[in-house]
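Summary of the model geometry
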Amino acid sequence: MLAVAGLTGATPFVPAVTLAGRPIAYVARSASGIALLSFNQRRVVLRLHSGTTDAGSAGWRFGPMIGGPERSRVLGAVNGGFRLSTNPGGFFSYGRTGAPLRDALASVVGYTDGYTDIGTWHGEVPGAGHGAVVSVRQNLTPLIDNGRPAASAGCDSCWGATVGGVSATARSAIGITADGNLIWAGGLHLHVTDLVDALLGAHVVRAAELDINPDWVAAYLYARHRAGPHVTPVPASPGQQGINGQLLLPYARDFFTFDLR
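Criteria and cut-off values
Residues numbered from 1 in each chain as written. Predicted model: local features only at pLDDT ≥ 70, side-chain atom pairs only at ≥ 80, totals over all residues. Heavy atoms only, no water. Helix = DSSP H or I, 4+ residues; strand = E, 2+ residues; numbered from the N terminus. Rg over C-alpha atoms; globule rule 2.2 N^0.38 Å. Buried < 20%, exposed > 50% of the residue type's maximum accessible area, 1.4 Å probe, protein only. Contact = heavy atoms within 4.5 Å. Pairing = 2+ DSSP bridges. Axes fitted to C-alpha atoms, helices over the stretch in contact; angles between N-to-C directions. Polar contact = N/O pair within 3.5 Å; in protein donor to acceptor, adjacent residues only side chain to side chain. Phe/Tyr/Trp six-rings, centres within 6.5 Å; stacked < 30°, edge-to-face > 60°.

Moving on: the overall build of the protein chain. A tally of helices and strands in the protein chain yields one helix and 18 strands. By the compact-globule yardstick of 18 Å for 261 residues, the protein chain fits well, its C-alpha radius of gyration being 17 Å. Along the longest, intermediate and shortest principal axes, the C-alpha atoms of the protein chain span 45 × 45 × 35 Å. Looking at the protein chain as a whole, 55% of its 261 residues are labelled buried. Sequence-distant contacts in the protein chain: of pairs separated by 6 or more residues, those separated by 24 or more amount to 63%.

It is worth spelling out the sheet that holds strand β8 (residues 106–111) at this point. Within a sheet, neighbouring strands are paired by backbone hydrogen bonds and run either parallel or antiparallel to one another. Ordered in space as β7-β6-β10-β8-β9, the five strands form an open sheet in which the pairing is antiparallel. Across the chains shown, the open sheet's two edge strands, defined by having one partner strand only, are β7 (96–99) and β9 (116–120). With direction set aside, neighbouring strand axes in the sheet form an average angle of 20 degrees. Sheet topology places β8 next to strand β10 (residues 133–138); five bridges connect them, and they run antiparallel. Directly across from G110, in β10, lies its bridge partner S135.

Here we take up the side chain of N139. Turning to its location among the elements, N139 is positioned in the loop between β10 and β11 (144–145). The class for N139 is buried, based on a relative accessible area of 1%. A polar contact is formed between the side chain of N139 and the backbone oxygen of E209, at a distance of 2.8 Å.

With antiparallel pairing, five strands are arranged side by side in an open sheet as β4-β18-β5-β16-β17. Edge positions in the sheet fall to β4 (44–49) and β17 (232–235), since each of these pairs with one other strand and no more. The average angle at which neighbouring strand axes cross in this sheet is 25 degrees, direction not considered.

With eight of nine residues buried, strand β15 (residues 204–212) lies mostly within the body of the structure. Pairing analysis gives six bridges linking strand β13 (residues 169–177) to β15, with the strands arranged antiparallel. Its bridge partner being in β15, I174 is matched across the sheet by A208.

To continue, consider the packing of aromatic side chains. Evaluation of the coordinates by the stated rule reveals four aromatic pairs. Plain terms: the ring middles of W60 and F91 are 5.1 Å apart, the flat faces sit at 80 degrees to each other, and that makes the pair edge-to-face. In this pair, W60 sits in the loop between β4 and β5 (74–79) while F91 sits in strand β6 (residues 91–93), placing the two residues 31 residues apart along the sequence. An identical accessibility class is assigned to W60 and F91; each is buried. Judged by centre distance (6.2 Å) and plane angle (55 degrees), the rings of F62 and Y94 are tilted.

Now for unusual backbone geometry. Here the bond from D54 into A55 is cis, since omega is 5 degrees, no more than 30 degrees from zero. Here A55 lies in the loop between β4 and β5. That bond from V125 to P126 is cis: its omega, -5 degrees, falls within 30 degrees of zero. Structurally, P126 is set in the loop between β9 and β10. In this model, A20 sits at a positive phi of 55 degrees, which is unusual for a non-glycine residue.

So, to be careful, I would describe these as geometric facts and stop short of saying anything about function.
Below, the structure is given as structure tokens:
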């Protein structure tokens, strides 16, 4: 069901996940070493998971690990946003608030029809036509809006504190194209402008930065050789430090999964 293309050097998007012979997810690598994952929302739905710490393990629809029925439908998973204790924005899931939502922040918004949009809260999102909002994860102000990078994209320190105070570190972001594909991008030793350039090259029109620093930037695709819950995690970002348990065991931080509809 799932084959992961080799990522040696720069590559265009190539199929990573096929279903009945049709691609539903793609993988690419930029010249600067950034891995990109692209998901077709007609076949894939994004889920916001809490972690054991952010926003706490008890009472959430999607908790701190990929388990239960979701294990049979998960295609990929990526890191979430900054620690909520750093006040990067809000967290909301299925009627419950883990941190208050704030206007004008970059927001990854899920709706009852399974569609996810990305935009400024009470600006582009929430929007009409997709039902009620079921989840929101905010993280800082938009990295890309209306196809244009943030004015502060050249200021690395404006986009989060780095371990050791370095400028180039592991960084990640999630964006959406004009036709609704979701794009995750991440890599090591990056400046913010590297991330922006890769996302714009993938035709992203709106994007939110996600977490940074090597301990917290990771993405996986899950190979499945037969129907059922048995999956093999495949790192999507070459050289990533990775997450203990590869999100199949409880994890402290929030994260996103990409599930087959």
